[in-house]
Amino acid sequence: MSEEKLPNRMENFSDWYNQLVLKAQLADYGPVRGTMVVRPYGWALWENITAALDQRFKATGHVNAAFPLLIPMSFLQKEKDHVEGFSPQLAVVTIGGGSELEEPLAVRPTSETVIGHMYSKWIESYRDLPVLINVWNSVVRWELRTKLFLRTTEFYWQEGHTAHATAEEARQETNQMLEVYADFSENEAAVPVIRGRKSESEKFAGAVNSYSIEAMMGDKRALQAGTSHYLGENFARAFEIRYLDQENTLQYVSTTSWGLSTRFVGAIIMVHGDDQGLVMPPRLAPYQAVIVPIYKNDAEKSSVMESLQSVRDSLSQLRLHVDAREEVTPGFKFNDWEMRGVPLRIEIGPKDVQAGQVTVARRDTRQRSTLALDQLPLGVPALLDQIHDGMLQRAREFMQSNTHQPADYQEFQQVVESGWADVWWCGDADCEAEIKADTKATNRVIPLEQPGGNGVCIHCGKPATERAVFARAY
Ligand SMILES: [Zn+2]
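Thresholds, definitions, all that
Residues numbered from 1 in each chain as written. Predicted model: local features only at pLDDT ≥ 70, side-chain atom pairs only at ≥ 80, totals over all residues. Heavy atoms only, no water. Helix = DSSP H or I, 4+ residues; strand = E, 2+ residues; numbered from the N terminus. Rg over C-alpha atoms; globule rule 2.2 N^0.38 Å. Buried < 20%, exposed > 50% of the residue type's maximum accessible area, 1.4 Å probe, protein only. Contact = heavy atoms within 4.5 Å. Areas by Shrake-Rupley, 256 points an atom, 1.4 Å probe, with all protein chains shown as cover. Lys, Arg positive; Asp, Glu negative; His and termini not counted. Charge placed at Lys NZ, Arg CZ, Asp CG, Glu CD. Phe/Tyr/Trp six-rings, centres within 6.5 Å; stacked < 30°, edge-to-face > 60°. Polar contact = N/O pair within 3.5 Å; in protein donor to acceptor, adjacent residues only side chain to side chain. Donors = N, O, S within 2.8 Å, 3.2 Å for Na, K, Ca; no water. Pairing = 2+ DSSP bridges. Axes fitted to C-alpha atoms, helices over the stretch in contact; angles between N-to-C directions. 1 Å grid on protein atoms, 1.4 Å probe; cavity = no way out; pocket = protein on both sides within 12 Å on 5 of 7 lines; lining within 4 Å. Points joined across faces, edges and corners; volume = space filled by probe spheres on them. Salt bridge = Lys/Arg side-chain N within 4 Å of Asp/Glu carboxyl O. Patch = residues over 30% accessible without salt bridge, like charges linked within 9 Å, V, L, I, M, F, W, Y side chains within 5 Å.

Let us look at the overall build of the protein. When helices and strands are counted, the protein shows 14 helices and 25 strands. What you see for the protein is a C-alpha radius of gyration of 25 Å, in line with the 23 Å of a compact globule of 474 residues. Seen through its C-alpha atoms, the protein measures out along the principal axes to roughly 80 × 60 × 45 Å. Counting every position in the protein, which comprises 474 residues, the buried fraction comes to 52%. For the protein, restricting intrachain contacts to residue pairs at least 6 apart in sequence, the fraction spanning at least 24 positions comes to 68%. Accessible area for the protein stands at about 21200 Å²; split by element, carbon and sulfur atoms hold 48% of it. Taking the average location of the 48 positive side-chain charges in the protein and that of its 63 negative ones, the two points are 4 Å from each other.

Here a ring pair, both rings aromatic, is described through the centre-centre distance and the interplanar angle of the planes. Summed over the entire model, instances satisfying the criterion amount to 16 aromatic pairs. Note on Tyr287 and Trp337: the rings are 5.8 Å apart at their centroids and 75° apart in plane angle, and the pair reads as edge-to-face. In this pair, Tyr287 sits in the loop between helix H8 (263-272) and strand S15 (289-293) while Trp337 sits in helix H10 (residues 330-339), placing the two residues 50 residues apart along the sequence. Connected via pairs of aromatic rings, a cluster forms that spans Trp46, Phe57, Trp136, Tyr181 and Trp258.

Our focus in this paragraph is the side chain of Ser125. Structurally, Ser125 is set in the loop between helix H5 (112-122) and strand S7 (131-140). Among the polar contacts made by the side chain of Ser125, one reaches the main-chain amide nitrogen of Arg127 at a distance of 2.8 Å.

A few words on the coordination of the zinc ion. Listed as protein donors to the zinc ion are Cys426 (SG), Cys431 (SG), Cys457 (SG) and Cys460 (SG); their distances from the metal cover 2.3 Å. The sequence pattern formed by the donor residues of the zinc ion is C-x4-C-x25-C-x2-C. Taken as a pair, Cys426 in the loop between strand S21 (420-425) and helix H14 (429-439) and Cys460 in the loop between strand S23 (455-456) and strand S24 (463-464) lie far apart in primary sequence, 34 residues in all. Under the relative-accessibility criterion, Cys460 is labelled partly exposed at 33%.

Okay, the sheet that holds strand S6 (residues 99-107) next. Taken in spatial order, the 3 strands line up as S4-S6-S5 in an open sheet, and their pairing is antiparallel. Whereas interior strands pair on both sides, the edge strands pair on one side only; in this sheet they are strand S4 (70-72) and strand S5 (91-96). Ignoring which end each strand starts from, the neighbouring axes of this sheet average 50° apart. As paired strands, S5 and S6 are joined by 5 bridges and run antiparallel to one another. Bridging across to S6, Val92 finds its partner in Ala106.

The subject of this paragraph is empty space enclosed by the protein. Tallying each qualifying case throughout the model produces 1 cavity of 30 Å³ or more. Put simply, the largest cavity is a space of about 80 Å³. The wall of the largest cavity is formed by Glu112, Ile115, Gly116, Tyr119, His161, Thr162, Leu231, Phe235, Ile241, Thr255 and Thr256. For the lining of the largest cavity, the secondary-structure elements that each account for two or more residues are H5, strand S8 (154-164) and strand S14 (254-261). In terms of residue count, H5 provides more of the lining of the largest cavity than any other element does, 4 residues in total.

What follows covers H10. For H10, a buried count of 7 out of 10 residues is recorded, marking the element as mostly surrounded by other parts of the structure. Those residues of H10 lying buried are Phe332, Lys333, Phe334, Asp336, Trp337, Glu338 and Met339. Those residues of H10 that are buried are in contact with helix H1 (13-23), S15, strand S16 (320-322) and strand S17 (344-348). Of the residues flanking the end of H10, it is Gly341, one or two places downstream, whose phi is positive at about 80°.

All right, on to the pattern of salt bridges then. Per the counting criterion, the structure on display carries 24 salt bridges. The closest approach of N and O atoms between Asp183 and Arg56, which form a salt bridge, is 2.8 Å. With Asp183 in helix H6 (residues 167-187) and Arg56 in helix H2 (residues 40-59), the pair connects residues that are 127 residues apart, well separated along the chain. Judged by relative accessible area, which is 29%, Asp183 ranks as partly exposed. Its relative accessible area of 13% is what places Arg56 among the buried residues. The partner of Asp336 in a salt bridge is Arg325, and the shortest N-O contact between them spans 3.1 Å. With a gap of 11 residues between them, Asp336 in helix H10 and Arg325 in the loop between S16 and H10 connect regions that are remote in the sequence.

A word on a nonpolar patch on the surface. Judged by side-chain polarity, Val32, Trp142 and Leu144 come together as a nonpolar surface patch covering roughly 320 Å² of accessible area. The residue Val32 is located in the loop between strand S1 (27-29) and strand S2 (36-38) in this model. Judged by its relative accessible area of 45%, Val32 is partly exposed.

Function-wise, these values are silent; they only describe arrangement.
What follows is the structure, given as structure tokens:
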């Protein structure tokens, strides 16, 4: 806890982010380069993210399970594209129990292969399908440059892995989970997203099609906030996952996988944060409101604390924190909780006690108002909903006003320096690579929502039937 000011957000977004994560006590650097320690305040946010997602996964028929951390190297080599995608980032165990292992073991970069192996044992008949399993765990992908929550060697996530009798069913599952992520993002985190399909060069190695939700950060760069992959029969063929259909014919299953990670915490920080610090979305905030008692002497303290207790009782359905620290001033507490992004501050002073009210201050707009004590049980939740709606709308307007439709490639190069470009694109990988080399902007998604019709590619001028979003990305 220090009173040093944060770096200016617009001038140095990256430093602002790095220092805010530390100062708000969301996370810290681990002793092994590239690793992250998630501190209780950051973990509380992640726990609320996991709860909101887990409830949605279960409502759509999924169940949770756990798979081993260590994976035989041979498993990763079974799917060629897959191993090529991960090999530079693998951590490999060669010694166990004091002796050299016969076969090296990879620390899971994802559980795809070990789950494929187990599904080949568990699935025999059409009656065993679909298999709808999700796993909450951490995975390791060796990183040389660390950015807390965005790029760390070990990160936390969920990975869903499903197996289906038909390609059609697996495609429906892929779409359904993309929609679950978009719904979570907008209705829990107040982070607006674009849903779309990844280009061939940006998709997950081993997938037939990858889909993602993309969000615009406060510096106008894009962040892939969740992904859903249709894997076709690729993993089923590599791991021999087959079933007997109703005609007694042996068929390959079609599989999907989908994931959302602690990167999403980075998205919340970068979408909503401002010069004062974090702005937590009310439905995920570790504390939805902080109560600050204000008094000058023991007599005031006694009446203020009495009122505080009744406020607590009437808001028991919310995640509340009472800041009763004696060694710091109320003003210090205001700044501290603003920096840590608590959506609502409830102040109770002698004047409030006399008037039978509290003073409430919104973190998002910094507006202050009063609420009568008997209005609290309905008034505070309503205010939290207003904060959510306001944050979502503000972020949506920011994304819309910084998404451009340049007329030619020259204008395209200008707009992607600070914003997104929504353009006709030919679909050619070489064209995409040239755009990236020229501008550092990558193809984020080919949005699911297309205007129809056709045009010419913004870069090469060839005929184009789809629009794509290009941007610099995290
Ligand atoms: Zn082109």
